[in-house]
Structures are given as structure tokens and as C-alpha cells.
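Each chain, written out:
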Amino acid sequence: MRTLPFDPASVYRWVVSSLALVVFKFVVNKALSVQTAFAKIRYVCTVTACTSFPEKANFHGRGCPGRVVLWLNPSGAVALVLGTTFPRPGMGGYYAGKFSLYKKFGATSFASVWITSAQQFFWLADSEAVKIVTSDRHTFQKDIVQYELLNIYGGNLANIALVWSESFRVVNEWFEQLDIDGPDMTVDMLPSMTQATLLVLATAGFGRQVSWTAEATAEPPPGCKLTFRSAVLTSVGNVIFRALVPKWFYQFSSLIKVPYLSSRALLTQLAFDDLRVHMLDLVASARAEIMSGERHGASGAALLRNLVEANMKQDGHSKRLTKGELLSNIFAFLLAGHETSSHTLCFAFALLALHSDCQQKLYEEVIRVWPADVPLTQLMTLVSFCLVVGSTHTDSWQKEYTAACIQEALRVFPAEPRIPKDVHQDTVLPGTSFIPGPKEDPFIETGKFSMAVPAGSVVVVDVWALHMNPLYWGEHAAEFKPERFIDTESYQWPRNACKRNGSMQPLKVSARLTFCALSVLPFSGGARSCIGQRFALAEMVCILASVVRRYQIRVPDDLANKPFEEQKEVLLRWTTGITLTPVNVRVKLCRRV
């Protein structure tokens, strides 16, 4: 039998040709699936739901605004990791795009398709559409992929006077540490604000009071290598890393060391294991207190008590939390309860350092409300009372401008820039078309349209774009102007009542501090809005006012002589994470005389 000679070149050509054919087939199939998805969007928008689109609205004759390809799932962990580098400007899903793509398409809503699955994504910066999405929790449900990042131990599901008094306590302990360095110092605000908000949350939410300096000398409990604070901060800082790294790699890292990855994997595993021990200790204490019928620390640990009581309900109860769900809820509250506030405060301090005129107005208001000769204990009692009862018999809580600074910081740098929702039944969402206008009115509405949104698609409440929408906030929407949130005889900020408990009423933080609008959405909205927003707002107002009352906030010396735009670029730099994270908030604190 004759044997054919072996020809390596022929084999190589065959392998390359086969691979090329597979790749070509894959690309063609993806292109066809994306094209089919776009065709469906165009069909349902043009024929079924959409009203007429003016040609000037820049819809390119395609019916539904936008034909954007998404290269990453906007709610996935990979998109968060690559957020500052990919997608690039002008591409779908670009994290810092804000209102740019909406301006390009001349509409407050547009459609896109994720190339991997050909799933349709509808992006919303329209207040009417956002109101519908946040109000209808049956049609629009939270994106499970996004919340899997917090699903560490299982599925997950205030007393304002105490928040206020704890904020006072913590920030004044911080002041004592700052005094050691003298009257003037440059401070990186992120670690300081992270520690402050975590300490407030530990007491007001979980009944675990710790002083500013105690953690430095504290010993971990038996069975742990990390203290409570270290375990929380290390776990929070590695949530995305844990989501991306497969479980087998942690065991692999204990056997074979991979540079950087193995050490981080082992530290992450240690942090989550130790945090579990700390949380179980908190749960055991709360359960013992509930069983005894006692309430130690008055109103403290109310959040923890509610979670533990839900865990103690009988099997089969509709609101019972399993042990895994209980721990995941505690972890989610530990993360969201301090990170959102700390990051927002950092941006607020940087913005006040850049805008000395705004800082001066805030200081004048604080001194008017909190005179320098008022003892701290009296001040805490008075303001806490006003917060709790919503007193209208005193003017002690007229910190309108202070609250406006927090609101404006949340508008310019929202903690959660985008909120995806899975669509569970066919529906229709409204949108607004617009065109460029004259200088005095840069954008002119040209009409309303309706966009058919099919079941199985995803709507993305584009919070950052909503906050930058010039139809609501004017041509200079990107600028920091706390006055936007202060009503005058000739101006009312673009609020809109939101549904809460079935009534169309704004959510009140106190008799004088309200925060509810669908043109500004830092805490989500509707039935799924953040339950800790009163906690966060009270805490942030207290800390911001306390710092400005004691210190003048300036840009650091190395930036003092730089152009304003360069100062902004440095101090307001951010990166992506579970929430929008500041990366370089160094400010100079100068003690007021």
C-alpha cells in the first residue's frame, strides 16, 4: 500500500483555512443576528408604536432613534473594569458619554443591540420614560446580572437623629486627628470620608460603635485575621475582582503563585471569609437582643434588627430571609451605606474647593444656623429634634444652600450613572425629539414619540445623561451650580413628584429638605428607590456643614497656580466601580480663625 508523503505546508494551509472559515461563519452569524435585531427595532418603532419623526430630529430615516452596537454588556463586571478605557468616546456604552449620543440622535431615548447576544438595549434620558420605568416594578425589574456582584453569601433583598449625632461624633474625632498636623494641611479626602461614613453606618445601622482611633489598635476577634473595618473595606474594594475570577482560581492560588493575581485572590478570599465571621457575630448579638426583648442603645441597629427578624420568621413565610440572604443583605447595606456617601462627599469637597463663591455662601449659611458660640451638645440636640419632628416652629434647620450643594454634587457626579432594568412584557415608552436652536435656547423640542420596547429587552435608565439633559437643566448643565435646587419667585427647579406608597408626594428628609424628582435621580426612584436616602442625605449634610464651618477648603498648593480647567481635570478625576469613584480628591484644609 502506497503511503502519501507528509506535507506540513498543506496541513498548515488546511488548519488556517478551517479556522478562517469558522471565524467567517461566526462573524456572519453575529452580523445577521444584529441586523435582525435592528430590523425588529425599526419595525416596531416605525410601524407599531412610533408617531412621526421630524426629519430635522436627526433620525436618519430609520424610524427609531439610534442604531448603536454595544461591544460589552453595559451592566456587566467587565464593563465596570474597562469603563474608563473602553468603549471609546462616540461608541455605544461609553461610560463618560453623558448626553453626547442623545445630542447626536436628537432624542432623549435611543436603541442599541449587544453584539454578543443580539439583545436589545433601550437607553433613557427622558424624565417621562424614567418615571414609567421606576414606577412599574412588574414590567421593569432589576437586572439580575448587575446584582450578582453583591450576591456573595446568598440572594439579597434610621433613625435620623442617631445618624446626625453619630455624624457629629465621628467628624469631631477626625478633627482631633487633623489638629495634630497643625492648622493647615493637605488631605486625601477619600480614605477619611470612607472611614467616617463607615463608622456612622456601623453605629446607626448595626449598633457597633467604634471611635476614629480605636480601629488602629483593635485586635481581630478569634478566628479572624482582619478587623471589622479592614474586612469591610477590603471586601468592598475587591467585589468586581471576585466576580471576574473563577472560584477554582482561589484554591489554585494557594498551590501555585501567579504574580499579582494570586496574592490579591488570597487577600480577597480572606477578607470575605473574615467579614462573614464579623457579620455572624453581629447577627448573633442582634438575635440574642430580640429574644430577650431588650433594646440596647435605644434606636441603634434598627437596620440589623429588621434583617434578623426577617431571618427569624417561620419557614414558608413570604418575607423570610434565609441565612445566605441575610448575610448578602448585610453586605449590600455595608457597601451601599457608606460608599455612596463617602464618594459624594469627596466630589462635593473638590467642587467647593474649585468654586470658592459657592463655598462662601455655604459657610455664611452654616454660621447663621450654627453660631460659633453654640455648644456642640446643644447644637446636636436642637438639630436632631428638628430633623426628627420636622419642626416648623424654628428656623434652626434652614440649611437650604447646604442641601443644595449635596444635591448638585449628586447631579453632576451620580453614584450610580446607569440603572439597567429587564423588561418582562411588551410595553411602550415615550421620548422627546429636539434640534439645535439659537444661542438663547440651544435645544428646541420638535415633538414627542413613542418607542415600542419588547419583552426580553433591557432598558437602561441613563442617570448621568438625565442629569446632563439640557432640556431640563439648560445649556450649561455640566456646570456646578447649587442654586439650581433653590426656588425663587422667578425660578423653580425641574422637579417632578414621584409615586411613593401609592401617593404622588415628594419624599421628605425633613420639613425643609426634600429630594424627589425624575429629572434628577441619584437614588433611583419608585418602589425600588434606595431605602437609605434619608440616612445618606442627613449624614452628608452634617459632615459637609461641619467641615466647612471649621475649615476653608482650597485646591492643594501644587495646583493653586494652574488654570481652572486643569484643576478640574485633576481634582474631579474618577474611575468606575460599584459606584462612581473619585481618584484624586486632595484638598487643602485651612483652619478658620
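Residues numbered from 1 in each chain as written. Predicted model: local features only at pLDDT ≥ 70, side-chain atom pairs only at ≥ 80, totals over all residues. Heavy atoms only, no water.

Draft legend 1. Seen up close, a nonpolar patch on the surface. The grouping of Val-11, Trp-14, Val-15 and Leu-19 at the surface amounts to a nonpolar patch, some 400 Å² of accessible area in total. As for its placement among the helices and strands, Val-11 is situated in helix α1 (residues 8-49). (Patch = residues over 30% accessible without salt bridge, like charges linked within 9 Å, V, L, I, M, F, W, Y side chains within 5 Å. Areas by Shrake-Rupley, 256 points an atom, 1.4 Å probe, with all protein chains shown as cover. Salt bridge = Lys/Arg side-chain N within 4 Å of Asp/Glu carboxyl O. Helix = DSSP H or I, 4+ residues; strand = E, 2+ residues; numbered from the N terminus.)

Draft legend 2. Representation of the pattern of salt bridges within the structure. The full count for this structure, using the stated rule, is 13 salt bridges. With a shortest N-O distance of 3.5 Å, Arg-591 and Asp-179 are connected by a salt bridge. Of this pair, Arg-591 sits in strand β15 (residues 586-591) while Asp-179 sits in helix α6 (residues 160-179), and the two are 412 residues apart along the sequence. Residue Arg-591 is classed as partly exposed on the basis of its relative accessible area, which comes to 37%. For Lys-481, the salt bridge identified is with Glu-479, shortest N-O distance 3.7 Å. What makes Lys-481 partly exposed here is its relative accessible area of 34%. With a relative accessible area of 38%, Glu-479 lands in the partly exposed category. (Buried < 20%, exposed > 50% of the residue type's maximum accessible area, 1.4 Å probe, protein only.)

Draft legend 3. Structural detail: the packing of aromatic side chains. Per the stated rule, a full pass over the model turns up 21 aromatic pairs. Here Trp-164 and Trp-370 contribute two aromatic rings whose centre-to-centre distance is 6.0 Å and whose plane-to-plane angle is 85°, an arrangement assigned as edge-to-face. You can see Trp-164 sitting in helix α6 and its partner Trp-370 sitting in the loop between α15 (356-369) and α16 (376-389), a full 206 residues away along the chain. Overall, the relative accessible area of 0% leaves Trp-370 in the buried class. Between the aromatic rings of Trp-248 and Phe-252, the centroid separation amounts to 6.0 Å while the plane-to-plane angle is 80°, which identifies the pairing as edge-to-face. With Trp-248 and Phe-252 both in helix α11 (residues 247-255) and 4 residues apart, this pair spans about one turn of that helix. Trp-248 gets classed as exposed once you look at its relative accessible area, which sits at 56%. An aromatic cluster of at least three residues, connected via ring pairs, comprises Phe-99, Tyr-102, Phe-105, Phe-110, Trp-123, Phe-434 and Phe-443. The ring of Tyr-363 has Arg-592 sitting right over it, with the charged end atom 3.8 Å from the ring centre. (Phe/Tyr/Trp six-rings, centres within 6.5 Å; stacked < 30°, edge-to-face > 60°. Lys NZ or Arg CZ within 6 Å of the ring centre and 35° of its normal.)

Draft legend 4. Structural detail: the layout of surface pockets. Volume-wise, the second largest pocket comes out at about 500 Å³. Lining the second largest pocket are 23 residues; nearest its centre among them are Val-236, Gly-237, Asn-238, Glu-339 and Thr-581. Broken down by secondary-structure element, the contributors of at least two residues to the lining of the second largest pocket are α2 (77-81), α7 (189-206), α9 (228-237), α10 (239-244) and α14 (323-354). Of the residues assigned to the lining of the second largest pocket, the class counts are 10 nonpolar, 11 polar and 2 charged. (1 Å grid on protein atoms, 1.4 Å probe; cavity = no way out; pocket = protein on both sides within 12 Å on 5 of 7 lines; lining within 4 Å. Points joined across faces, edges and corners; volume = space filled by probe spheres on them. Nonpolar A, V, L, I, M, F, W, Y, C, P; charged D, E, K, R; others polar.)

Draft legend 5. Geometry of the packing of α7 against helix α13 (residues 302-311). In contact at an axis separation of 5 Å, α7 and α13 are set at 50° when each is read in the N-to-C sense. By the criterion of interaxial angle, the relationship of α7 to α13 is oblique. Touching Ala-204, Gly-205 and Phe-206 of α7 are Ala-302, Leu-303 and Leu-304, all from α13. For the contact of α7 with α13, the residue count by class is 5 nonpolar, 1 polar and no charged. (Axes fitted to C-alpha atoms, helices over the stretch in contact; angles between N-to-C directions. Parallel < 35°, antiparallel > 145°, perpendicular 65-115°, else oblique. Contact = heavy atoms within 4.5 Å.)

Draft legend 6. How the structure looks around the sheet that holds strand β9 (residues 458-462). Across the sheet, which stays open at both edges, the 6 strands sit in the order β1-β2-β3-β9-β6-β4 with mixed pairing between neighbours. Where the open sheet ends on each side, the last strands, each with one partner, are β1 (68-70) and β4 (140-142). Across the sheet, the axes of successive neighbouring strands diverge by a mean angle of 35°, strand direction being ignored. (Pairing = 2+ DSSP bridges.)

Draft legend 7. Summary view of the confidence of the model for the protein. For the protein, per-residue confidence averages 81 on the pLDDT scale, and residues scoring 70 or more make up 79% of the total. Considering only residues more than four positions removed or in separate chains, one finds that residues 43-62, a stretch of pLDDT under 50, has 45 contacts. Within the model, pLDDT remains below 50 along residues 497-517, and this stretch shows 53 contacts once partners closer than five positions in the same chain are excluded. (pLDDT = per-residue confidence, 0-100.)

Draft legend 8. Representation of the environment of Met-189. Along the chain, Met-189 falls in helix α7. According to the relative accessible area criterion, Met-189 is buried, its value standing at 0%. As for Met-189 and Ala-350, which are separated by 161 residues in sequence, their C-alpha atoms are 9.0 Å apart. Setting aside its immediate chain neighbours within four residues, Met-189 contacts Trp-174, Cys-346, Phe-349, Val-585 and Val-587.

Draft legend 9. Representation of the sheet that holds β15 within the structure. An order of β5-β15-β12 is seen for the 3 strands of this open sheet, with the pairing classed as antiparallel. Each edge of the open sheet carries a strand with a single partner, namely β5 (184-188) and β12 (551-554). Sheet twist, expressed as the mean angle between neighbouring strand axes with direction ignored, is 30°. Here β5 runs beside β15; their pairing, made up of 5 bridges, is antiparallel. Paired with Met-185 across the two strands is Leu-589, which belongs to β15. In the packing of α14 onto the sheet, the strands contacted are β12 and β15, and the crossing angle to β12 comes to about 80°.

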